[in-house]
Amino acid sequence: MEDEQRRVALVGTGHRGAGTWGRELLANCRQWVELVGLADTNSLRLERARTAIGTNAPTFTDAAEMLETTRPDTLIVTTRDDTHCDLIVAALEAGVDVLTEKPMATTAEMCRRILDAERRTGRRVDVGFNYRFSPTAKMIKETLLSGVVGEVTSVDFHWYLDTQHGADYFRRWHAFQACSGSLFVHKATHHFDLLNWYLAADPREIFARGSLCHYGANGPFRGVRCKNCRYADICPFFMDIGADPWLDMLYEEPSREDGYFRDACVFREEIDIFDTMSAAILFENGVQVSYSLNACMPIEGYHLAFNGTKGRVEIRQHERQPWETPEEDEILVMRNFEGVERVRVPHAEGGHFGADVEMQKMLFGPPTPDPLGQRAGARAGALSVLTGVAATESARSGRPVAIMPLLEEGDGSQNR
Ligand SMILES: NC(=O)c1ccc[n+]([C@@H]2O[C@H](COP(=O)([O-])OP(=O)(O)OC[C@H]3O[C@@H](n4cnc5c(N)ncnc54)[C@H](O)[C@@H]3O)[C@@H](O)[C@H]2O)c1
């Protein structure tokens, strides 16, 4: 039925919840979505988000009470990463389907709990891997499926976060392993999922390195937060929260309730995640991947190449850079002993180059074919998290870590 509405509740009314999964979801999918409840532990942020979303849906500071009272068909989970698992499992056990933001969870044990709850309850978990929906990602997937480069043998994948976006992860809860699982989980979950999806294969083993070279204790000085900081004039990472009306509205006053500052100091000594990471990943089908993630760069974007038995597909995407940003991506398709074909993909409007709205329509619109398998479930969510968990463990122990055993009970250490 074209316009059947799904009863949707949302937990976590921060930037992503109020924006992409609140305001924008209603703008893009209003005919298919009835927002029946909003929950957040911070009552001030919750009320502000309700106004910003433009809904009369009831609000709750307890997500369990919201499930009980509103009986939604689907719960959207957009809270802090380490809280996803309990909320997902509670919803499944209440007979509710779940759409969770990435990363699905932050530990192997949480991934196993979610997969087990999904099996037990027969409900469905979707994971919001929006990067699969970008026009460029779609074109890369189609190019690989066409067989033009033969069998893929190795991949070069290097992701760059600039001094604005990269630093943002060090201002908030993401800067702590216990909350985000580290950037190998929080951020790289996107990249590891793209690899699994592009290669249509499971990852077998990872050997990783990580260090903290820029933020945390590396800073020449430090404060608590940017607002009223005595180093504001000389700190290159100074952020004026008052200059951003959206962030100011959602976070400044509400911080009085829970002390969650949106502009905490990036040089806090207690920061315990890496900002500089690299990894060698071996896939079950023998593909070797060389991966890196750097979080303090003058450019924002990625370099990606698939090397195959017949040629190579290559893309360098820059979202922000100290020179003119192109309005399109260019994918180079090269065949050994032949020339190059240049495939141009225009940047689409909307979040993540149009990926967010495409994903929302597939998840909430009328049933639609999914020939490229862009819709991602709990197993995909788990595999990318487990790759990040294994990477973090490898970087800390100096040893390669097997990934698939982490899906089973125990920590898989016997398989290393
Ligand atoms: N796919 C993407 O491109 C993308 C982009 C941004 C964020 N995200 C994801 O979205 C999620 C939210 O990110 P954000 O930037 O909005 O974070 P945020 O910290 O701004 O918002 C999280 C909200 O959840 C609330 N919260 C925390 N624990 C809770 C609990 N147990 N119950 C109810 N509310 C709780 C907080 O008070 C806060 O309002 C994260 O998992 C993040 O990884 C994904």
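Since the model is a prediction, treat every value here as computed from it, not as a measurement. (Residues numbered from 1 in each chain as written. Predicted model: local features only at pLDDT ≥ 70, side-chain atom pairs only at ≥ 80, totals over all residues. Heavy atoms only, no water.)

Describing the environment of tryptophan 173
- Examined against the element boundaries, tryptophan 173 turns out to sit in the loop between helix 7 (165-168) and helix 8 (177-180).
- Separated by 91 residues in the primary sequence, tryptophan 173 and aspartate 82 have C-alpha atoms spaced 10.0 Å apart.
- Among residues more than four places away in sequence, those in contact with tryptophan 173 are Arg80, Asp81, Cys179, Ser180, His186 and Tyr260. (Helix = DSSP H or I, 4+ residues; strand = E, 2+ residues; numbered from the N terminus. Contact = heavy atoms within 4.5 Å.)

Description of helix 14 (residues 378-397)
- End to end, helix 14 covers 28 Å across 20 residues, agreeing with the expected 28 Å (1.5 Å per residue, within 8%).
- The buried count for helix 14 comes to 16 of 20 residues, which makes it a mostly enclosed element.
- Positioned one or two residues after helix 14, glycine 398 has a phi angle of 80°, which is positive. (Expected span 1.5 Å × (residues − 1). Buried < 20%, exposed > 50% of the residue type's maximum accessible area, 1.4 Å probe, protein only.)

Re the pattern of salt bridges
- Under the defined criterion, the tally for this structure stands at 32 salt bridges.
- Here glutamate 68 ties to arginine 71 by a salt bridge, and the two come within 3.3 Å at their closest N and O atoms.
- Exposure remark for glutamate 68: the relative accessible area of 53% places this residue in the exposed category.
- Take arginine 71: its relative accessible area is 51%, and that puts it in the exposed class.
- In this structure, aspartate 126 engages arginine 375 in a salt bridge whose closest nitrogen and oxygen atoms are separated by 2.8 Å. With aspartate 126 in strand 6 (residues 125-127) and arginine 375 in the loop between helix 13 (355-364) and strand 15 (376-377), this pair connects stretches of sequence that are 249 residues apart. (Salt bridge = Lys/Arg side-chain N within 4 Å of Asp/Glu carboxyl O.)

Focus: the site of the ligand
- What surrounds the ligand is a group of 25 residues, the closest being Asp40, Arg45, Asp81, Tyr251 and Tyr260.
- Residue aspartate 81 places a side-chain N or O atom 2.6 Å away from an oxygen atom belonging to the ligand.
- Here tyrosine 260 contributes a side-chain N or O atom positioned 2.7 Å from an oxygen atom of the ligand.
- Bound to the protein, the ligand loses 89% of the 850 Å² it would expose on its own.
- By residue class, the composition of the shell around the ligand is five nonpolar, twelve polar and eight charged. (Near = heavy atom within 4 Å. Polar contact = N/O pair within 3.5 Å; in protein donor to acceptor, adjacent residues only side chain to side chain. Areas by Shrake-Rupley, 256 points an atom, 1.4 Å probe, with all protein chains shown as cover. Nonpolar A, V, L, I, M, F, W, Y, C, P; charged D, E, K, R; others polar.)

Description of the sheet that holds strand 8 (residues 203-211)
- Spatially, the nine strands line up as an open sheet ordered 14-13-12-11-7-10-9-8-16, and their pairing is mixed. With partners counted over all chains shown, the strands left at the sheet margins are strand 14 (340-346) and strand 16 (401-402), one partner each.
- When strand 12 (residues 311-320) meets strand 13 (residues 328-335), the two strands line up antiparallel, connected through five bridges. The residue of strand 13 that forms the bridge with glutamate 314 is leucine 332.
- Strands strand 8 and strand 16 of the sheet are contacted by helix 14, whose axis makes an angle of about 50° with strand 8. (Pairing = 2+ DSSP bridges. Axes fitted to C-alpha atoms, helices over the stretch in contact; angles between N-to-C directions.)

Points about the packing of helix 1 (residues 15-29) against helix 2 (residues 43-53)
- The N-to-C vectors of helix 1 and helix 2 enclose an angle of 30°; their axes lie 9 Å apart at closest approach. Here helix 1 is positioned roughly parallel relative to helix 2, judged by the angle of their axes. By crossing handedness, the relation of helix 1 to helix 2 is classed as right-handed. Note on element contacts: helix 2 touches helix 1 through Ala49, Ala52 and Ile53, opposite Ala18, Gly22, Arg23 and Leu26.
- Residue composition of the contact of helix 1 with helix 2, by class: five nonpolar, one polar and one charged. (Parallel < 35°, antiparallel > 145°, perpendicular 65-115°, else oblique. Left-handed = near helix turned anticlockwise from the far one by under 90°.)

Thoughts on the sheet that holds strand 3 (residues 59-60)
- Read across the open sheet, the seven strands follow the order 3-2-1-4-5-6-15; overall the sheet is mixed. The sheet is open, and its two borders are formed by strand 3 and strand 15, each paired with just one other strand.
- Here helix 1 sits on the sheet and contacts strand 1 (6-11), strand 2 (33-39), strand 4 (74-77) and strand 5 (97-100); the angle it forms with strand 2, its principal contact strand, is near 165°.
- In the packing of helix 2 onto the sheet, the strands contacted are strand 2 and strand 3, and the crossing angle to strand 2 comes to about 160°.

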